[in-house]
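Summary of structural features
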Amino acid sequence: MFPKKTFLSVAGILAATLLASACSSGDDAGTAAPGAPGSSQSVTPVSVSIEPADANGISPTTPIVVKAANGKLTGVTVTNAKGKAVEGKTAADGLSWSTSEVLGYGGTYHVVAHAQGADGKPVEKDGDVTTISPKKQANANLIPAPSAVKSAGVGVGQPIVFSFGTAVKDKAAVEKALSVESSPKQEGSWYWMDDKNVHYRPKEYWQPGTTLTVSAKIYGVDFGNGVFGAEDRTETYKVHDSWIAKADGGNEQMQIFHNGQKVKSMPISMGKDATPTHLGAHVISDKQENYTMDSCTYGVCPPDPKAYRSDEKYSERISNDGEFVHENPNSVGQQGSSNVSHGCINLNASNAQWFFENFGLGDVVEVTNSGGPQLPVWDLYGDWSKSWPEWQKGSAL
């Protein structure tokens with residue numbers, strides 16, 4: 001017979017053995033892993049979404065995005081109404097796909113997406129996305145026309161003008177899509193002359209040799225009233241040497257400055273008391289070796305005694321109010337002594353030819369002591385009549 005103490009120890013060991021055996025009894029495979037067959041937890045199936053969710057009448061610049069949750073995309077195709085595929089790219093993680101080309105106006109795009117989840121089951125989702133159909137489209141017309149100044153460049157006073165041909169209601173939205181990048185960099189700002197025309201000028205005259213990259217990223221931009229931008233455009237301008245003429249009605253002389261250095265002085269005759277030349281900085285907008293001056297072009301027609309019509313040489317327009325720098329043989333006797341013109345700056349033949357050969361689009365004629373009013377900001381290129389703070393207030397931003 002065993003001692004009583006020894007017997008209790010053996011009994012304890014046997015009980016512990018039986019308990020352990022009961023806890024581990026059953027299938028040798030053990031407890032099933034979560035998500036495996038026979039487990040109490042199921043795998044969440046993959047889901048696919050197409051964005052934007054409200055896909056009726058989106059902007060054509062809004063990308064179509066397909067996303068997968070609880071799985072990955074295995075393929076996405078987007079086709080237009082003609083069955084042509086739209087370019088797109090799948091993200092590296094396989095969770096999203098996005099179009100990489102802009103869409104067209106008034107189009108319906110069919111989306112087919114395939115994805116696979118952790119359970120290995122494939123899923124397909126399809127849907128349609130429709131883009132807006134504008135009532136009207138607006139083009140960004142550039143002034144001066146880039147083709148007209150491609151070889152010669154523009155002068156230091158040249159504003160950059162976008163003319164849209166149709167009224168812009170949301171000026172801020174459109175202005176955000178416009179840009180002028182200058183190299184070397186100069187501060188500049190936009191000014192809305194009216195609902196169709198917006199001008200850009202720097203704080204000071206452009207630096208000679210500046211390159212201007214002008215862009216209108218207006219495609220898909222809502223102008224308001226059902227009007228949208230027709231297409232983007234980008235153009236480049238080159239600013240040539242600085243040519244500035246300073247015309248003084250007090251002494252009837254015009255000093256010529258090339259890159260800041262005085263190179264010539266010319267006797268002139270400006271507008272008489274009844275038709276004085278406007279004050280301020282004028283910018284040359286056109287030049288014609290032979291030109292017919294006709295006051296009817298700005299509303300002064302016969303039998304008005306102020307009406308005139310004459311053929312002139314070496315004419316360069318400096319405002320839309322009938323002001324030019326040009327040759328006038330009839331006023332040579334008054335050039336340098338009195339102002340007798342209808343508002344133009346008259347020169348003799350040799351000086352007019354020299355001026356014509358050296359001055360071009362964007363060059364500046366600054367008028368002082370003419371007895372006339374300030375050139376209005378809206379008179380073609382009256383942009384420099386505004387101080388810089390006043391000019392900045394013309395921005396919609």
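The rules behind the values
- Think of each chain on its own: its residues are numbered from 1, step by step along the sequence as written.
- Totals for whole chains, interfaces and linings use all residues, but because this is a predicted model, local features are given only for residues with pLDDT of at least 70 and pairs of side-chain atoms are given and counted only at 80 or more.
- To get the side-chain values, all heavy atoms of the structure are used, and hydrogens and water are removed first.
- Strands are runs of DSSP state E lasting at least two residues, helices are runs of H or I lasting at least four, and both sets are numbered from the N terminus onward.
- Think of it in three bands: with a 1.4 Å probe and only protein chains considered, a residue is buried below 20% of the maximum accessible area for its type, exposed above 50%, and partly exposed in between.
- Every residue pair with non-hydrogen atoms within 4.5 Å of one another is taken to be in contact.
- Only the protein chains shown count as cover for residues, and all accessible areas are computed by the Shrake-Rupley method using a 1.4 Å probe.
- A pair of Phe, Tyr and Trp rings is counted when the ring centres sit within 6.5 Å of each other, with Trp represented by its six-membered ring. The angle between the planes then sorts it: under 30 degrees is stacked, over 60 is edge-to-face, the rest tilted.
- The rule for a disulfide is simple: a pair of cysteine sulfur atoms within 2.5 Å.

As annotated in an unreviewed UniProt entry, the protein chain carries the name Lipoprotein-anchoring transpeptidase ErfK/SrfK and is attributed to Amycolatopsis jiangsuensis.

**Some details on the overall build of the protein chain**
If you tally the helices and strands in the protein chain, you get four helices and 27 strands. By residue count, 42% of the 397 residues in the protein chain fall in the buried class. Pairs at least 24 apart in sequence give 64% of the contacts found in the protein chain among residues at least 6 apart. Total accessible area on the protein chain is roughly 20600 Å²; 51% of this is exposed by carbon and sulfur atoms.

**So, the packing of aromatic side chains**
For the structure shown, the criterion picks out 15 aromatic pairs. Ring geometry for F162 against F164: centres 6.3 Å apart, planes inclined by 15°, an arrangement best described as stacked. The exposure classification of F162 matches that of F164, with both residues buried. Centroid distance Y205 to W384: 4.8 Å. Interplanar angle 75°. Geometry classified as edge-to-face.

**Brief notes about the state of the cysteines**
Applying the stated criterion across every chain, the model contains one disulfide. Linked covalently through their sulfurs, C296 and C301 form a disulfide whose S-S length is 2.0 Å. We classify C301 as partly exposed; its relative accessible area is 28%.

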